[in-house]
Amino acid sequence: MATFVDRVVLHLQAGDGGHGCVSIHREKFKPFGGPDGGNGGHGGSVSLVVDPQVTTLLDFHFHPHVKADNGKGGAGSNRDGANGHNLVLKVPNGTVVQTTDGTVLADMVGAGTTFEVARGGRGGRGNASLANARRKAPGFAELGEPGDQLDIVLELKSVADVGLVGFPSAGKSSLISVISAAKPKIADYPFTTLVPNLGVVRLDNHTFTVADVPGLIPGAATGKGLGLEFLRHIERCAVLVHVIDSATLEPGRDPVADIDAIEAELSQYGGLADRPRLVAVNKVDVPDGRDLAEIVRPDLEERGYRVFEVSAATREGLKELTYAMAELVEAERKAAPPAEPTRIVIRPTAVDDAGFTITAEADGSFTVRGVRPERWVKQTNFDNDEAVGYLADRLARLGVEDKLAKAGAEPGDLVRIGEREFDWQPTLYAGVEFVPGNRGTDVRLEEKSSRASAAERLAARKARRVRPEDEMGADEIGADVGDDDIEDDAE
């Protein structure tokens, strides 16, 4: 059985948050000492970290289900629950984290690179934390938030400086075994190499890695042979070396035709056209192989290739080949842009961002989407009426009711928040009827408004100031009559 696995599917489950506690402090001569329920602990998260000592995904192949610890529940006497332990998974350098539909979440290159792939749930608050000036003794607590649950795909792309490509039995494994300390399997039949092999080459002051990719054949880019499974391992290589078998006995095979076939597959796979190439014509220790190498050398050099006649058996020409590899690797390293420190990207929430959206569905219902509303619903114990009322107050303060009214929702309409469905009943205040309003309208400006005009209000104010005669004294009445006589004489 092969001990190299480069693609696995992981089923991840982050830890759930612990529930908050409902408790009332009890002490002698103090029958009601106030709430003292503690908070629940947070659930453990699942993270991936690059470890240079790990070279395969074999462990995840045998253990694909991963679950972090749950948070502990709170207790009385203000005792908070313990947090769940975070789970850290070690992956090889060059691991690509994807969703099951192919969306790339992270490309993990470099020792110590960390990525939190599943976040643990928050712990629920106990009734001691929910108490305030108006709600001095809450009879409820929040539930723990469930942790993230998802499936991801880990795909390993070997990180090597030089990639050896060629037909099966071209001598790639033999070549890497003599220029490095790698000990791959070597045999005289095709597809001996079933997994990529990595070797470290040390030459004077140069150190670089070489990857031996399993043999490629025509159609490898479309899944024929083993090519599709391992072509991705040369994506990160800075230099490609064509290893050509000059002593093959197969009809229709020659070094030029082999290079054309391999280049066609690399072109079809895509993304490798800018990599510098070298050509190593192997097995020149065989007389016929040396003659063929001398014949095709001018044709290959005309195409711009640097050709090296080598023999993995006698180590002929390997020194010149390794120096050429080191030269190209150093040139690529110098041309690469300098590594920039990781930038912390801050994305503040917009001022007018309420944190949720409301969508009117075709069936007449409304769907509320948002991190906070959905989390609040998950943390609500719907068997407790007081907890449900607290949820309604939070949603109203957030502005959910106002936006539902502006979206055209009527009392009794179906509203979905997360996995819960509600028959919406807006908050009503004494003496005020629910009126769904739209932005830019005002009921006071309607034509049939019952509100009195300014002239009517002025007349009513003057009428209230006039005192009836039965409340006036005799002196006041006589004075009024005398004034009337004077006015009549003047006329």
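Everything below is about the structure shown above.
Read on for a plain summary of the structure. (Residues numbered from 1 in each chain as written. Predicted model: local features only at pLDDT ≥ 70, side-chain atom pairs only at ≥ 80, totals over all residues. Heavy atoms only, no water.)

**What about the sheet that holds strand β5 (residues 95-99)?**
- The strand order β3-β1-β8-β5-β6 describes an open sheet built from 5 strands, whose pairing is mixed. This sheet does not close on itself; its edge strands, each paired only once, are β3 (65-67) and β6 (104-108). Sheet twist, expressed as the mean angle between neighbouring strand axes with direction ignored, is 25°. (Pairing = 2+ DSSP bridges. Helix = DSSP H or I, 4+ residues; strand = E, 2+ residues; numbered from the N terminus. Axes fitted to C-alpha atoms, helices over the stretch in contact; angles between N-to-C directions.)

**Brief notes about the side chain of E401**
- Positionally, E401 belongs in helix α10 (residues 400-406).
- One buried charge, E401, has no salt-bridge partner; the nearest side chain with opposite charge is R397, at 11 Å.
- Residues contacting E401, with those up to four places away along its chain left out, are L395, A396, W424, Q425, P426 and T427. (Buried < 20%, exposed > 50% of the residue type's maximum accessible area, 1.4 Å probe, protein only. Lys, Arg positive; Asp, Glu negative; His and termini not counted. Salt bridge = Lys/Arg side-chain N within 4 Å of Asp/Glu carboxyl O. Contact = heavy atoms within 4.5 Å.)

**Some points on the packing of aromatic side chains**
- Tallied over the entire structure, the rule returns 2 aromatic pairs.
- Centroid distance F140 to Y390: 5.2 Å. Interplanar angle 45°. Geometry classified as tilted. One end of the pair, F140, is in the loop between α2 (127-130) and β8 (149-156); the other, Y390, is in helix α9 (residues 385-398), and 250 residues separate them in sequence.
- Assessed through its relative accessible area of 3%, F140 is described here as buried.
- Ring centres of F382 and F422 lie 5.8 Å apart, and the angle between their planes is 40°; this geometry places the pair in the tilted category. Placement of F382 in the loop between α8 (371-378) and α9 and of F422 in strand β18 (residues 420-423) is noted, with a sequence separation of 40 residues between them.
- A cation sits over an aromatic face here: K403 above F356, 5.0 Å from the ring centre. (Phe/Tyr/Trp six-rings, centres within 6.5 Å; stacked < 30°, edge-to-face > 60°. Lys NZ or Arg CZ within 6 Å of the ring centre and 35° of its normal.)

**Description of empty space enclosed by the protein**
- For the coordinates displayed, the defined rule picks out 1 cavity of 30 Å³ or more.
- Put simply, the largest cavity is a space of about 70 Å³.
- Around the largest cavity, the lining residues are F140, A141, E142, W376, Q379, T380, A387, Y390, L391 and R394.
- Sort the elements by how many residues they give to the lining of the largest cavity and α9 lands first, with 4 residues.
- Of the residues assigned to the lining of the largest cavity, the class counts are 6 nonpolar, 2 polar and 2 charged. (1 Å grid on protein atoms, 1.4 Å probe; cavity = no way out; pocket = protein on both sides within 12 Å on 5 of 7 lines; lining within 4 Å. Points joined across faces, edges and corners; volume = space filled by probe spheres on them. Nonpolar A, V, L, I, M, F, W, Y, C, P; charged D, E, K, R; others polar.)

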